[in-house]
Amino acid sequence: MNFSRPARIALRIAAGLGFAAIYLPLLLVLVNSLNPDRSASWPPPGLTLHWWGEAWRSTGARDALWTSVRAGAGATAIALVLGTLIAFAVQRYRFFGREAVSFAVVLPIALPGIITGVALNTAFRTVLEPLGVGLGMFTVVVGHATFCIVVVFNNVAARLRRTSGSYQEAAMDLGANTFRTFADVTFPMIRSALLAGGLLAFALSFDEIVVTTFTAGPGVQTLPVWIFSNMARPQQAPVVSVVAAVLVLLSVVPIYLAQRLSADNSGGRR
């Protein structure tokens, strides 16, 4: 499609404004983490790494980081197993209600987070509390897994749509059993899709705050929740800026790797 010169200029300006609206606030967070002034005055009177040292020595921030890592790892593990199984069922088999299953899997990520959080909180209190299981790390992992499954499902399903089931059939015709066929044929074909889906699922879980608020018990505090609870404390403002900057950097890495994996395989084996 060819655009006139004024149209191209207008599109570039609009794109520039859009990127500025997205990334300038992130840049300000990074600059504030280096601001020697506790009140985050602007422009900064200088630059310092003092608050980075304070953040590293913050027990609350370190504990919240470890909690986020554990929750993300647990949710990602569940998502990899269930998302892959559902993707194979939907893409490789024809059965009554197949489209309904696909819709039900994708729906949680489309719903507002607060709706999902309220629904999960009600379900946990109704079903688990009578059994002696209260809100805690387990409920956080399950809550995060509800939307992480979608990411793995979409990646694996997309890969399966581009690959033929004849490879597995040929392997089994040559005498390979189900497990050998999966290990030698199926898994290598979907390996990069699993890795990309797992990285994205971990990034989603690591940044989640709304669902976490409704599913975490009083003793469970992830890093995003810790940031939110400390934003209103003036003495903690510089440390919060440092932790927020670290959170942005940690979130960029898995998303970038997942994007590279998806891009590298889009033009690879069909």
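Parameters at a glance
Residues numbered from 1 in each chain as written. Predicted model: local features only at pLDDT ≥ 70, side-chain atom pairs only at ≥ 80, totals over all residues. Heavy atoms only, no water. Axes fitted to C-alpha atoms, helices over the stretch in contact; angles between N-to-C directions. Helix = DSSP H or I, 4+ residues; strand = E, 2+ residues; numbered from the N terminus. Parallel < 35°, antiparallel > 145°, perpendicular 65-115°, else oblique. Left-handed = near helix turned anticlockwise from the far one by under 90°. Contact = heavy atoms within 4.5 Å. Phe/Tyr/Trp six-rings, centres within 6.5 Å; stacked < 30°, edge-to-face > 60°. Core = buried A, V, L, I, M, F, W, Y, C linked by side-chain atoms within 4.5 Å. Buried < 20%, exposed > 50% of the residue type's maximum accessible area, 1.4 Å probe, protein only. Patch = residues over 30% accessible without salt bridge, like charges linked within 9 Å, V, L, I, M, F, W, Y side chains within 5 Å. Areas by Shrake-Rupley, 256 points an atom, 1.4 Å probe, with all protein chains shown as cover. Salt bridge = Lys/Arg side-chain N within 4 Å of Asp/Glu carboxyl O.

This part takes up the packing of helix H5 (residues 113-128) against helix H6 (residues 137-161). For any two helices packed against each other, the geometry is given by the interaxial angle and the distance between the axes. As a packed pair, H5 and H6 sit with axes 11 Å apart at the nearest point and diverge in direction by 135°. The pairing of H5 with H6 is recorded here as oblique in orientation. The chirality of how H5 crosses H6 is right-handed. In this structure, H5 uses Thr 116, Leu 120, Phe 124 and Leu 128 to contact H6, whose residues at the interface are Phe 138, Thr 139, Val 142, Gly 143 and Thr 146.

To continue, consider the packing of aromatic side chains. Per the stated rule, a full pass over the model turns up two aromatic pairs. When the ring of Phe 19 is compared with that of Tyr 23, the centres are 6.2 Å apart and the planes differ by 20°; the resulting orientation is stacked. Taken together, the residues Phe 19 and Tyr 23, both in helix H1 (residues 5-32) and four residues apart, mark about one turn of the helix.

We now examine the nonpolar core. One finds Ala 87, Cys 148, Val 152, Val 156 and Leu 160 to be the most contacted residues of the largest nonpolar core, which totals 23 residues. Mapped by element, the contributors of at least two residues to this core are helix H3 (59-92), H5, H6 and helix H8 (178-207). Every residue in contact with Leu 160, bar those within four places of it in the chain, is listed here: Ala 87, Phe 88, Gln 91, Arg 92 and Ile 190. Counting residues in hydrophobic clusters, the runner-up holds 14 residues, among them Ala 61, Leu 223, Val 239 and Val 240.

On the surface, a nonpolar cluster with roughly 580 Å² of combined accessible area is contributed by Phe 103, Leu 107, Leu 111, Ile 114, Ile 115, Val 118 and Val 210. Among the elements of the structure, helix H4 (98-110) and H5 are those that each provide at least two residues to the nonpolar patch. Of the residues forming the nonpolar patch, the biggest block, three residues, is contributed by H5. Summarising the element assignment, Ile 115 is placed in helix H5.

Fair warning: the whole summary comes from geometry, so function is off the table for now.
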